[in-house]
Amino acid sequence: MPTRIPASERTSQKLDELLRQGVADGDARAELLKLAVRKIVEEALEAEVADAVGRGYYENGAPPGAGYRNGYRRGRLATAEGPIEYGVPQVADRAEPFASRPRASLAGRTAELERLAVEMFARGLSTRDIEAAFRDASGASVLSRTAVSQVTERLWQEYEAFAGRDLSEFSVAYLFVDGVAERLHAGLPREAVLCAWGITDDGQKVLLHLAPGTKEDTASCTAFFEDLKRRGLADPLLVVTDGAPGLIRAVETCFPRALRQRCLVHRLRNLRSKAPESRWPEIALRARGCYEAASAALATVLRDDFVQTYERELPAVVQCFRDDFAACIAHLRFPLRHRRVVRTTNLLERLFLEERRRTKIIPNAFGERPVLKLMYAAVIRAAERWRGIAVGEFEQRQLRAIRDELGRAHAERVAPALTPRHTTPVRKLRADR
């Protein structure tokens, strides 16, 4: 049995060992992904070398001038998953020096190279990393860092088109809004970047907007929503947010026909911060039972029982539980199959984690434009993998009924309090009567 094996086989052995151990935790899953990328790269490079020398790894009989394998050197690539090292096969004693054909085919500023550079940037590589990845056999980069910066400006053009597109084609049933703090300017505190996505009446998930909000105050959030409406977005049925006061006020002002759902993940975090650790499992169980009840009427009964149980012993917990309670159970008015999805902003939380994995690779990318460019690249590509939710004929009828009910309720709220009575004009008496 040969004592030397290809780098891709050694990587396969590490993959098998990791899979036998299990990949339950996040670090193991990240390592699994890195090994998988490494194996793909190594197999591609080894296949290229096999074609060049005219034989497989263990085969003899090289054609004259084809050269022979001369071990490996280590390649290194920085990605959003962390640095990935891989084996680069070397070829010696060739009539002509060996050059990687994939790199040679991308030599120069071709459209293929530019698209690849944009994708690499979007996946979390810095301009320095991309420059290093495109070095030719002589060590010279076929795409300079300045060229990479120019190429990735295409992302800004994509973002501007995204941020200004017509939204009237989307009939949104559920709208989700949250913000993530980013350092948009060097030396200044982090500022909020607001993100909105929705679920349409037919169950499709769509990313709607991404824009700086300075902070989650009423003025910034109102401007964010007004931009959505200016581009044709009609009032949704339900808007899901966290408990930021400015965001709540803006929702109630800009979407008067919509219900508001308080994110239950954020609400439970609020409750936990006020509860004794020893009592939290019991409190969490009862709070979830209330928030996830079969109906709003049952939730109200469970709320009263919760208050009666803890009011004297844990007044801070009860005050937090009572606060904005109607918004915590708004999802109970909607189809049963949708409730688990529409009661939290979890998808946005996962989206922000995906975005942070990319932006942390370029920690000094300050400025509103470069940060937004990278954020947009990360979130729009993550959104492409979203799957919709089931909306059958029964759910469609439910949503239409809710929309009609909310429309009537809004019309009643804005109707004049008193209807002016019709009066008959009084004819003036003639003065000379």
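An account of the accompanying structure is given in this report. Along each chain, residues carry numbers from 1 onward, in the same order as the chain's sequence is written. Per-residue local features are limited, in this predicted model, to residues with pLDDT of at least 70; the limit for side-chain atom pairs, both in listing and counting, is 80 or more; totals at the level of whole chains, interfaces and linings are taken over all residues. In computing side-chain properties, one takes all heavy atoms of the structure into account and sets aside hydrogens as well as water.

A word on the pattern of salt bridges. Any Lys or Arg side-chain nitrogen found within 4 Å of a carboxyl oxygen on Asp or Glu counts as a salt bridge. The full count for this structure, using the stated rule, is 18 salt bridges. Across the pair D227 and R230 runs a salt bridge whose closest N-O atoms are separated by 2.3 Å. Here R230 and D227 lie together in helix 7 (residues 218-230), a separation of three residues that amounts to about one turn. We call a residue buried when its accessible area falls under 20% of the maximum for its residue type, exposed when it is over 50%, and partly exposed in between, using a 1.4 Å probe and counting protein chains only. Its relative accessible area of 17% is what places D227 among the buried residues. In this structure, E292 and R343 form a salt bridge, with 3.8 Å as the shortest nitrogen-oxygen distance. Of the two residues, E292 sits in the loop between helix 10 (280-291) and helix 11 (296-310) while R343 sits in the loop between helix 14 (339-342) and helix 15 (346-359), which places them 51 residues apart along the sequence. In this description a helix means any DSSP run of H or I spanning at least four residues, a strand means any run of E spanning at least two, and both kinds are numbered starting from the N terminus.

Taken together, the side chains of L298, V301 and L302 define a hydrophobic patch exposed on the protein surface, amounting to about 230 Å² of accessible area. Note on placement: L298 falls in helix 11. Patches here: salt-bridge-free residues with over 30% relative accessible area, like charges joined within 9 Å, nonpolar side chains (Val, Leu, Ile, Met, Phe, Trp, Tyr) joined within 5 Å. Using a 1.4 Å probe, the Shrake-Rupley method yields the accessible areas, and only the shown protein chains count as cover for residues.

This part is about the nonpolar core. Each nonpolar core is a collection of buried residues, namely Ala, Val, Leu, Ile, Met, Phe, Trp, Tyr and Cys, held together in the definition by side-chain atoms within 4.5 Å. Grouped together as the largest cluster of nonpolar side chains are 63 residues, with contacts concentrated most on Y159, Y174, L207, L208, L210 and F225. Examining the composition of this core, we find that eight residues originate from one element, helix 16 (residues 368-383), more than from any other. Pairs of residues are marked as contacts when any of their non-hydrogen atoms sit within 4.5 Å. Setting aside residues up to four positions removed in sequence, Y159 forms contacts with L210, A211, P212, L372 and Y376.

Between helix 7 and helix 8 (residues 245-254), the least distance of the axes is 8 Å, while the angle of their chain directions is 35°. Seen along the crossing, helix 7 lies across helix 8 with a hand that is right-handed. Taken together, the residues of helix 8 that come into contact with helix 7 (itself represented by T218, C221, T222, F225, E226 and K229) are G246, L247, R249, A250, V251 and C254. Each residue gets one of three labels, nonpolar for Ala, Val, Leu, Ile, Met, Phe, Trp, Tyr, Cys and Pro, charged for Asp, Glu, Lys and Arg, and polar for the others, Gly among them. Taken together, the residues of the contact of helix 7 with helix 8 sort by class into six nonpolar, three polar and three charged. Each axis is a line fitted through C-alpha atoms, taken for helices only over the stretch in contact, and angles between the N-to-C directions span 0 to 180 degrees. Should the near helix be turned anticlockwise from the far one by less than a right angle, the crossing is termed left-handed; should it be turned clockwise, right-handed.

Most peptide bonds adopt trans geometry, and most residues besides glycine take a negative phi value. If you check the backbone angles, D324 has positive phi at about 55° while not being a glycine. Along the chain, D324 turns up in the loop between helix 12 (315-322) and helix 13 (325-328). When its relative accessible area of 21% is taken as the criterion, D324 is described as partly exposed.

Counting buried residues in strand 3 (residues 172-182) gives ten out of eleven residues, a clear majority hidden from the surface. Between any two strands, at least two bridges found by DSSP are needed for them to pair. Sheet topology note: the strand 3/strand 4 (residues 191-200) ladder contains ten bridges and is antiparallel. Paired with G179 across the bridge in strand 4 is L194. Of the pairings in the sheet, the one linking strand 3 to strand 6 (residues 238-241) comprises three bridges and is parallel in character. Paired with Y174 across the bridge in strand 6 is L238.

With that settled, the discussion passes to the packing of aromatic side chains. For any pair of aromatic rings, geometry is given as the distance between the ring centres together with the angle between the planes. Here the aromatic set is Phe, Tyr and Trp, taking the six-membered ring for Trp, and pairing holds for ring centres within 6.5 Å; pairs whose planes are under 30 degrees apart are stacked, those over 60 apart are edge-to-face, and all others are tilted. Within the structure shown, the criterion is met by 13 aromatic pairs. Between W197 and W386, the ring centres sit 5.3 Å apart and the planes meet at 50°, which makes this aromatic pair tilted. On the criterion of sequence distance, the pair formed by W197 in strand 4 and W386 in the loop between helix 16 and helix 17 (393-414) is long-range, its members being 189 residues apart. Overall, W197 belongs to the buried group, its relative accessible area being 2%. An aromatic cluster is built from Y291, F306, Y310, F321 and F325, whose rings are joined through pairwise contacts. Each ring is checked for a lysine NZ or an arginine CZ that lies within 6 Å of its centre and within 35 degrees of its normal; such an atom marks a charge sitting over the ring. Across the ring face of Y72, the terminal group of R10 is positioned such that the distance to the ring centre comes to 5.8 Å.

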